[in-house]
Amino acid sequence: MTASTARRGALALLLAGLVLFLLGSIELARAATQTVTISDFAFSPATVTIAAGDTITWTNTDPVVHTATSTTGAFDSGDIAQGDSFSFTFTTPGTYDYFCTPHPTMTGQIVVQAAAPAATAGPSPAGGPLPNVAMPREWPANTLILIGMLLVGGAGLFVIARRPRG
């Protein structure tokens, strides 16, 4: 194998790795994080609507300890001191009521909606629905990032191994 062919192969591995790394990063960026501030013995906003897969972060700005505790046991922050935060990712659609354990009159609600489904096709020429042939959800972002990093590292090692020694 000539040096130029080896370089082209390493460059192709490098580019493939970078593309996978970027795709994984974009997938991670799709999930949103919403913030609930704990201030003046209240959750603000008191109700938050998110999509499945999104994260809520509660931040306590009060000088006393608070909690964000689900009424059904789905999540419990434990004590959140002033300036501290607690995050929870909601993966299952539904309505999650919560309260502050030391101050039970402090209540809030998280409404988790199902993730938006893939676009559906219109009716077929015969009038019936077209079958759903959409690709399943992309590989998990972490997998894409890992494969991308492995390809980039492999390309780098290949170039180093093929470099003439002198």
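Keep in mind the model is a prediction, meaning the values are calculated, not measured.

(A) Molecular detail of the confidence of the model for the protein. Mean pLDDT for the protein: 79, with 63% of residues reaching 70 or above. Note that pLDDT drops below 50 for residues 134-138; the model gives that stretch four contacts with residues more than four away or on any other chain.

(B) Region of interest: the nonpolar core. Core analysis: the biggest nonpolar cluster contains 18 residues, and Phe 43, Ile 56, Trp 58, Phe 75, Phe 90, Tyr 98 and Ile 110 have the highest contact counts within it. Elements represented by at least two residues in this core include exactly β1 (33-39), β3 (47-51), β4 (55-60), β7 (94-99) and β8 (107-113). Excluding residues that lie within four positions of it along the chain, Phe 75 makes contacts with Trp 58, Ala 68, Thr 69, Ser 70, Phe 86, Phe 88, Phe 90, Tyr 96 and Tyr 98.

(C) Main features of the packing of aromatic side chains. This model, assessed by the stated rule, comprises nine aromatic pairs. Taking 4.7 Å as the distance between ring centres and 70° as the angle between the ring planes, the aromatic pair formed by Phe 43 and Tyr 98 counts as edge-to-face. Of this pair, Phe 43 sits in strand β2 (residues 42-44) while Tyr 98 sits in strand β7, and the two are 55 residues apart along the sequence. Tyr 98 shares its class with Phe 43; the two are buried. With 5.6 Å between their ring centres and 25° between their planes, Trp 58 and Phe 86 make a pair best called stacked. Here Trp 58, found in strand β4, pairs with Phe 86, found in strand β6 (residues 85-89); they are 28 residues apart in sequence, far enough to count as distant. A single burial state applies to Trp 58 and to Phe 86, both of which are buried. Every member of this aromatic cluster is reached through a ring pair, and the members are Phe 43, Trp 58, Phe 75, Phe 86, Phe 88, Phe 90, Tyr 96 and Tyr 98.

Rules behind the numbers
- Note on numbering: residues in each chain are counted from 1, in written sequence order.
- With pLDDT at 70 or above as the cut-off, local features in this predicted model cover only qualifying residues; side-chain atom pairs require 80 or more to be listed or tallied, and sums for whole chains, interfaces and linings still use all residues.
- Side-chain numbers here rest on the full set of heavy atoms in the structure, without hydrogens or water.
- Values of pLDDT, the confidence the predictor places in each residue, fall between 0 and 100.
- Residue contacts are counted whenever heavy atoms from the two residues lie within 4.5 Å of one another.
- Grouping buried Ala, Val, Leu, Ile, Met, Phe, Trp, Tyr and Cys residues that are joined through side-chain atoms within 4.5 Å yields what is termed a nonpolar core.
- A simple rule labels every residue: compare its accessible area, found with a 1.4 Å probe on the protein chains alone, to the largest value its type can have, and call it buried under 20%, exposed over 50%, or partly exposed in between.
- Only DSSP runs of H or I covering at least 4 residues are called helices, and only runs of E covering at least 2 are called strands; the numbering of each starts at the N terminus.
- Paired rings are identified among Phe, Tyr and Trp, the last through its six-membered ring, by centres lying within 6.5 Å, and are further divided according to the angle between planes into stacked (under 30 degrees), edge-to-face (over 60) and tilted (the rest).

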